[in-house]
Amino acid sequence: MTTDEQAIARDLSDRVATLVEQNDLSDPTGFLGARFDAGLAWVHFPPGRGGLGLPQSFQAQVDAELAAAGAPGPAKGRNGIGLGMAAPTIAAFGTEEQQQKYLRPIFTSEHIYCQLFSEPGAGSDLAAVATRAVREGDGWTVNGQKVWTSGAQNAQMAILVARTDPTVPKHAGLTYFLCDMSDPGIDVRPLRQITGEAEFNEVFLTDVHIPDTDRLGDEGQGWRVATATLNNERVAIGGSAAARESGMIGPVAQAWREQPELRDPAMHDELLRLWVEAEVARLTAERLRQQLEAGQPGPEGSGLKLAFARLAQTISGFDIELHGEAGLRYDDWTMRRPDKVDFTGREPGYRYLRAKGNSIEGGTSEILRNVIAERVLGLPPEHRVDKDIAWKDLPR
């Protein structure tokens, strides 16, 4: 660490100590607001936007010192979309007014976000979205349907991609918005999953009004902004900071240690192979996170998200086999609309069923392989006949 870096680290420690001393740790919302105002929310963001304009590498120090002091942290479980996707996108593309208005309530989770991207006819092919936003005066009127929207029942805000120009090719006619979920034209309906729960929703938008001041990025640049959001999402899913044996491998390794009656030599060999793969993926994610500290995530995050989905499904399948008949039991099929998702919670049956969605949400594994092939490996892209055709002329 250089002399300058040591000085920055000491200054940050002093700021953390002052923050903890002067604020009530039992009031999470108030404390997180004070942390944002002190520039310790995202230290690499500009002053006044929750940061201090420092290298992102110093965030780990701030997080560790606050955790050691017993301070409440941001609600990543309830507001993963806001913290992991909306905030970095607003920081990268938002106006000064948008950043001042929206970043602080995201960090305090006074604004829970959902993601209005996928549609019944535009899932993997996101650029095919048909939800229309029509300019009217100083705002936009939005009509359409979105699907697979996690947490929409709890959201105050949404990030929304809509078609604003059907006369140009599909990637060129999109615009990105911040949408108030309290608008009376928004109807949220639950979608029950194989687990019995309804984390996801379908969302109907009827004459929803969005002021032009809530447009993020230029008109027609929605694909560019959405791509940045998706890159952040994939890093958040597959490349977040994690301790050894976190994730799906954790409860499996714990069961192996604590229930020797489950063990046999063949399973021992398979468990070791999966443990090594999980650890390699974790260390690769950590290396990528360090490489990305200087800027916005790129397509490399697709590889981590792909590995996360494959490992979660393979390990959860091993988990079922390890527990034998007990692994086939399921504790509760009650219809719930949970506030957050716990991939590793509950019993092996739940973990196995929930992991099936990992290769769909956040970008399907098939599409991520295309991204890796074309944008990471530089392989020739697939031939696309719709690339230069106006969206309105495409068969649907």
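In this text, all values refer to a predicted model and were calculated from it rather than measured experimentally. All residue numbers here refer to positions counted from 1 along the written sequence of the relevant chain. Where totals are concerned, whole chains, interfaces and linings use all residues; where local detail is concerned, this predicted model gives features only for residues with pLDDT of at least 70, and gives and counts side-chain atom pairs only at 80 or more. As a rule here, side-chain values come from all non-hydrogen atoms in the structure, and water together with hydrogens is ignored.

(A) Fine view of the domain arrangement of the protein chain. Split into domains, the protein chain comes out as domain 1 (3–108), domain 2 (113–220) and domain 3 (226–377). By convention here, the domain bounds are inherited from an automatic or database domain assignment. Computed from C-alpha atoms alone, the centre-to-centre distance between domain 1 and domain 3 is 27 Å. With ten residues of domain 1 in contact, the opposing surface of domain 3 contributes nine residues. Buried area adds together the accessible area that both of two parts lose upon being put together, with accessible area traced by a 1.4 Å probe. Interface area for domain 1 against domain 3, summed over the two sides, is near 820 Å², with a carbon-plus-sulfur share of 61%. Salt bridges are identified by distance alone: a Lys or Arg side-chain nitrogen within 4 Å of an Asp or Glu carboxyl oxygen. Run the count over domain 1 and domain 3 and you get zero salt bridges. In this count, Pro and Cys sit with the nonpolar residues alongside Ala, Val, Leu, Ile, Met, Phe, Trp and Tyr, while Asp, Glu, Lys and Arg are called charged and the others, Gly among them, polar. A breakdown of the residues in the side of domain 1 that touches domain 3 according to their chemical character gives four nonpolar, five polar and one charged. Whether two residues touch is decided by their heavy atoms; if any such pair falls within 4.5 Å, the residues are in contact.

(B) Representation of helix α3 (residues 59–68). Relative accessibility thresholds used throughout: buried, under 20% of the residue-type maximum; exposed, over 50%; partly exposed, between the two (1.4 Å probe, protein chains only). The way it works is that DSSP assigns letters per residue, a run of H or I at least four long becomes a helix, a run of E at least two long becomes a strand, and they are numbered from the N terminus. If you check which residues of α3 are buried, you get Gln59, Val62 and Leu66. Mapping the buried residues of α3 onto a view down its axis gives an arc of 65°, with all of them on the same face. Residues of α3 that are exposed and angled more than 90 degrees away from the buried face: Ala60, Ala67 and Ala68. Where α3 is buried, its residues touch α1 (3–22) and α2 (28–37). Directly beyond the C-terminal end of α3, a positive phi value near 80° is found at glycine 70. The reported arc concerns the directions from the helix axis to the C-beta atoms and nothing else.

(C) Highlighting the pattern of salt bridges. Overall, the coordinates contain 24 salt bridges when judged by the stated rule. With a closest N to O distance of 3.5 Å, arginine 135 and aspartate 212 form a salt bridge. Of the two residues, arginine 135 sits in strand β2 (residues 132–136) while aspartate 212 sits in the loop between β7 (200–211) and β8 (215–216), which places them 77 residues apart along the sequence. By relative accessible area, aspartate 212 is classed as buried at 17%. Residue glutamate 270 pairs with arginine 273 through a salt bridge whose shortest N-O separation is 2.6 Å. With glutamate 270 and arginine 273 both in helix α8 (residues 265–291) and three residues apart, this pair spans about one turn of that helix. Connected via shared salt-bridge partners are Arg135, Asp212, Arg215 and Glu219.

(D) Molecular detail of the UniProt feature "domain: Acyl-CoA oxidase/dehydrogenase middle" (unreviewed entry) in the protein chain. UniProt positions are given in the numbering used here, feature names are shortened, and annotations may be inferred rather than shown by experiment. As recorded in UniProt, the sites labelled "domain: Acyl-CoA oxidase/dehydrogenase middle" (unreviewed entry) are residues 114–208. End C-alpha atoms of residues 114–208 are separated by 16 Å, and the span's content is 0% helix alongside 47% strand.

(E) Structural detail: the nonpolar core. Trp42, Ile90, Tyr113, Phe117, Ile159, Tyr176 and Leu178 are the most contacted members of the largest nonpolar core, which totals 31 residues. Only α2, α4 (80–93), α5 (96–107), β4 (157–163), β5 (174–180) and α6 (222–238) provide two or more residues apiece to this core. Per-element tally for this core: the top contributor is α4, with six residues. When residues are assigned to domains, this core turns out to be shared by domain 1 (3–108) and domain 2 (113–220), each giving three or more. Sequence-distant contacts of tyrosine 113, defined by excluding residues within four places in its chain, comprise Asn79, Ile81, Gly82, Ala86, Ile90, Tyr102, Ile106, Ala155, Met157, Ala158, Ile159 and Leu178. For our purposes a nonpolar core is just a set of buried Ala, Val, Leu, Ile, Met, Phe, Trp, Tyr and Cys residues, chained together by side-chain atoms within 4.5 Å.

(F) Region of interest: the state of the cysteines. Our working definition of a disulfide is a cysteine sulfur pair at a distance within 2.5 Å. With the rule as written, the count across this model stands at zero disulfides. Free cysteine cysteine 114: the closest other cysteine sulfur is in cysteine 179, separated by 7.8 Å. By relative accessible area, which is 0% here, cysteine 179 ends up buried.

(G) Geometry of the side chain of aspartate 212. Side-chain atoms alone can form a polar contact between residues adjacent in sequence; in general such a contact is a pair of N or O atoms within 3.5 Å, and within protein one must be able to donate a hydrogen while the other accepts it. Side chain to side chain, aspartate 212 and arginine 215 meet in a polar contact 2.9 Å long. Those residues in contact with aspartate 212, other than ones at most four positions away along the chain, are Arg135, Asp138, Gly139 and Trp140.

(H) Quick look at the packing of aromatic side chains. Between rings of Phe, Tyr and Trp, where Trp is taken as its six-membered ring, a pair exists when centres lie within 6.5 Å; planes separated by under 30 degrees are stacked, by over 60 edge-to-face, and by other angles tilted. What the rule picks out here adds up to eight aromatic pairs. Seen in terms of ring centroids, tryptophan 140 and phenylalanine 177 are 5.4 Å apart; in terms of plane orientation they differ by 65°. Their pairing is edge-to-face. On the criterion of sequence distance, the pair formed by tryptophan 140 in strand β3 (residues 139–146) and phenylalanine 177 in strand β5 is long-range, its members being 37 residues apart. Side by side, tryptophan 140 and phenylalanine 177 carry an identical accessibility label, which is buried. Look at tyrosine 330 and tryptophan 333: their rings are 4.2 Å apart centre to centre, the planes differ by 35°, and that puts the pair in the tilted class. Classification of tryptophan 333 by relative accessible area gives partly exposed; the value is 46%. Aromatic rings pair up to connect Phe36, Trp42, Phe45 and Phe107 into one cluster. Counted as over-ring charges are cases with an Arg CZ or a Lys NZ within 6 Å of the ring centre that also lie within 35 degrees of the ring normal. Positioned above the aromatic ring of phenylalanine 204 is the side chain of arginine 189, whose terminal nitrogen or guanidinium carbon lies 4.1 Å from the ring centre.

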